[in-house]
Amino acid sequence: MEELLDILRDIKDDVDFENCDTLIDDGILDSFAILQIIAALNDNYDIAIPAAEIVPENFNSAASLLKMVERLQNE
Amino acid sequence: MGYTSPSFLLFLTGSILLYFLFPKKYRWTVLLGASLFFYARASLKGFIYLAVTSLSTYFAGRILSARNQKDKETVKAIKDREEKKKQKEILKKKRWHILLACLILNFGILIFLKYLNFMIDTVNALSGFERYPMLNLLIPLGISFYTFQSMGYVIDIYNGKLEAEKNFFKFLLFVSFFPQIIQGPISMYDQLAHQLYEPHDYDYHNLKRGCELMLWGYFKKMVIADRAVMFLNVVTADYTAYNGTVILLALLVYTVQLYADFSAGIDISRGICEIIGIDMVENFRRPYFAETINDFWRRWHISLGAWMKKYIFYPFAVLKPVMNIGKKIKNSSFGKTEYGKHVAKVFPISLSSLVVFMVVGFWHGANWKYAGFGLWNGLIIMFSELLKPVFEQMTQALHIKTASFGFKLFRIIRTLFIVIVGYVFDIAPGLSSSVDMIRRVFFDQVWTAETVKTIADISPINKDGAVILCIAVIILFVVSLVQESTGKQIRDMIDEKPWPLEWAVLFAGMVIVLCFGIYGPGYDAAAFVYMQF
């Protein structure tokens, strides 16, 4: 989780990724931030996040992002 | 049968009455019947295209939905991990072919009907003579709206996000629902469909609020937009006859007219839905208060933006070759610098945004001037993202308080300026005339009494009409300002008042629209601007 939090903070350093679970619902992450996160996650975890995965359930919190990454790694 | 015609109001009243009188189980059939009647009245020939899209999408959706389930079970039964992966890819490819066939057919129809003459014209222009004759093609009512909505549905099924609707007639209702067929909004299936199918009970509160929203729409359309368009039509008929000051005034009038017209149509559509008990997606959030051009596009035609983002922007931006552009920049010597790192992150995304704006541009019309519109918006967003660190350094160096009201106002005016320049591509007859219009606005300003006289002479709106227009625009501005600063709807504020006052406001609104609206025998109400899409 710490590694993921570092990646996220590197993209947007003014967001409390540790506690926020409404990153999409509250408009904290815009489409540019979402795509930067995808590029960073693809690179770091050797996955390819498809566009169909860009849904609030996957991007609302760091925990849901980690869950998605682990699921895609296992596929 | 436009929104402003008495026959529409009669049709609407009858449909709503019938809806609430019907047994609950069959209420959706009233909406379907009303939608098909409305469409047939507007365009009987266009009905064939609507039927082709509905049928092809319905069957593609059913096949994909069934395959999703079956393929999942097939893959689940395979034990070997590598084999599982391989089989999954093979099955996905087969599903992709089904989706592709549906997309090609439906976008093919859209492109053929909307853009074939444009392509012929371009080929003729390039070859220097009339090589191919133009075709007389019928563009069905709302073709872009129902095509986009249907294709969104089938893509969502392909992605496993939706189950296909089993009842064809229910699906047909989703495609043809009359309040959205004229000019959107483009609804997502999971947001709208279940609301269409489930029965809604009559509710006085919904009726009142729906009527209020419709009335606000009629005010914007009949008092503002249809009055403003009269002046605009004169100037755009031959803009070369006027100096930059007159053209600038026409541009400002268009800025008001376009918003009033388009948002009015949406308000009327949403008001109709609200009376029934359906919550239709929002399409505008006071766009002229946007502080950046990105923000503007999040507030303007929200449903089109959401569709483009979901089905074009994201899928394009996550493509491997696009993502690799960022990697290449990152691995270069430039990418090792602080600014280079920023460019590596943002450039591929900005490029995707530019592509989307080109698509949005051409969606607006089959004319090269819309390429200019797309480029203008796309490049502004691209450079604003790429140069973000530079702007941040500048504001720091100049000790600008970014949270101050003054800076906020500066950002709003700057964004509005960019938007208005973009509107030149809308009102100009072509690409080269767009550039000429911009040149005139910037370099041919003539602020003299002569110009004032020219404006007064050419204006089909008399002095009283101009005063009514100005007051109506001020009302629109004040209402928007209250909504923007308080986050509250005016209707919520009216709701809090005693009922006689509520009805007095509603009655006053009706009187204003009836007295100051542009309508009546001999006046052909202007079609909604976005109806042509």
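Residues numbered from 1 in each chain as written. Chains lettered and ligands numbered in written order. Predicted model: local features only at pLDDT ≥ 70, side-chain atom pairs only at ≥ 80, totals over all residues. Heavy atoms only, no water.

Draft legend 1. Fine view of the overall build of chain B. Along the backbone of chain B there are 22 helices and 0 strands. Taking 2.2 N^0.38 as the reference for a compact globule, 533 residues should give roughly 24 Å; the C-alpha atoms of chain B span a radius of gyration of 25 Å, in line with that estimate. Over its C-alpha atoms, taken along the principal directions, chain B stretches across nearly 85 × 70 × 60 Å. Sorting the 533 residues of chain B into buried and exposed places 49% on the buried side. Restricting the contact set of chain B to residue pairs at least 6 apart, pairs at least 24 apart contribute 76%. Carbon and sulfur atoms make up 67% of the accessible area of chain B, which totals about 26,200 Å². Charged side chains of chain B number 57 positive and 40 negative; the gap between the two group centres comes to 9 Å. (Helix = DSSP H or I, 4+ residues; strand = E, 2+ residues; numbered from the N terminus. Rg over C-alpha atoms; globule rule 2.2 N^0.38 Å. Buried < 20%, exposed > 50% of the residue type's maximum accessible area, 1.4 Å probe, protein only. Contact = heavy atoms within 4.5 Å. Areas by Shrake-Rupley, 256 points an atom, 1.4 Å probe, with all protein chains shown as cover. Lys, Arg positive; Asp, Glu negative; His and termini not counted. Charge placed at Lys NZ, Arg CZ, Asp CG, Glu CD.)

Draft legend 2. Fine view of empty space enclosed by the protein. Residue and element names in this part refer to chain B. In total, this model carries 1 cavity of 30 Å³ or more according to the counting rule given. Computed from the structure, the largest cavity encloses a volume of approximately 90 Å³. Looking at the largest cavity, it is lined by 13 residues, and the ones nearest its centre are Phe296, Trp297, Trp300, Phe373 and Tyr423. Put simply, the parts of the chain that give the lining of the largest cavity at least two residues each are helix H11 (293-299), helix H15 (369-386) and helix H17 (405-427). The element contributing the most residues to the lining of the largest cavity is H17, with 4 residues. The residue makeup of the lining of the largest cavity, split by class, is 9 nonpolar, 3 polar and 1 charged. (1 Å grid on protein atoms, 1.4 Å probe; cavity = no way out; pocket = protein on both sides within 12 Å on 5 of 7 lines; lining within 4 Å. Points joined across faces, edges and corners; volume = space filled by probe spheres on them. Nonpolar A, V, L, I, M, F, W, Y, C, P; charged D, E, K, R; others polar.)

Draft legend 3. Representation of helix H6 (residues 168-176) of chain B in the model. Residues and elements named next belong to chain B. With respect to burial, H6 is a largely interior element, 7 of its 9 residues being buried. All of the buried residues along H6 are Phe168, Phe171, Leu172, Leu173, Phe174, Val175 and Ser176. If you check the start of H6, you find a side-chain oxygen 2.9 Å away from the backbone N of phenylalanine 169, and it comes from asparagine 167. (Polar contact = N/O pair within 3.5 Å; in protein donor to acceptor, adjacent residues only side chain to side chain.)

Draft legend 4. Spotlight on the nonpolar core. Residues A:Leu41, B:Phe174 and B:Trp300 are the most contacted members of the largest nonpolar core, which totals 164 residues. Non-local contacts of B:Phe174, meaning those with residues more than four positions away in its chain, are made with B:Gln149, B:Tyr153, B:Gln180, B:Ser187, B:Met188, B:Tyr189, B:Leu192, B:Ala193, B:Leu196 and B:Tyr197. (Core = buried A, V, L, I, M, F, W, Y, C linked by side-chain atoms within 4.5 Å.)

Draft legend 5. Seen up close, the confidence of the model for chain B. Confidence in the prediction of chain B, expressed as mean pLDDT, is 92, and 97% of residues score 70 or more. Taking the mean pLDDT of every element in chain B, the minimum, 87, falls on helix H21 (residues 490-495) of chain B and the maximum, 98, on H6(B). (pLDDT = per-residue confidence, 0-100.)

Draft legend 6. Structural detail: the interface of chain B and chain A. At the interface, 22 residues of chain B touch 21 residues of chain A. If you sort the residues of chain B by the area they bury against chain A, B:Tyr314, B:Lys345 and B:Ile349 come out on top, with a joint share of 31%. Across the salt bridge formed by B:Lys327 and A:Asp43, the nearest N and O atoms sit 3.5 Å from each other. Our count for the contact surface shared by chain B and chain A stands at 4 residue pairs in polar contact (both at pLDDT 80 or more). Put simply, the parts of the chain that give the side of chain B that touches chain A at least two residues each are helix H4 (81-127), helix H12 (302-317), helix H13 (320-331), helix H14 (338-364) and H15 of chain B. By residue class, the composition of the side of chain B that touches chain A is 9 nonpolar, 3 polar and 10 charged. (Buried area = accessible area lost by both parts, 1.4 Å probe. Salt bridge = Lys/Arg side-chain N within 4 Å of Asp/Glu carboxyl O.)

Draft legend 7. Inspection of the pattern of salt bridges at higher detail. Residues and elements named next belong to chain B. Going through the model one piece at a time under the given rule, you end up with 31 salt bridges over all chains. Of the charged contacts in the structure, one is a salt bridge between arginine 209 and aspartate 492, with a shortest N-O distance of 3.0 Å. Within this pair, whereas arginine 209 is found in helix H9 (residues 204-237), its partner aspartate 492 is found in helix H21, the two being separated by 283 residues in sequence. By relative accessible area, which is 11% here, arginine 209 ends up buried. Judged by its relative accessible area of 27%, aspartate 492 falls in the partly exposed class. Across the pair lysine 488 and glutamate 496 runs a salt bridge, and its minimum N-O distance is 3.3 Å. Residue classification places lysine 488 among the partly exposed positions, given a relative accessible area of 34%. A cluster of three or more residues bridged by salt bridges with shared partners is formed by Lys208, Arg209, Glu274, Arg491, Asp492, Asp495 and Glu502.

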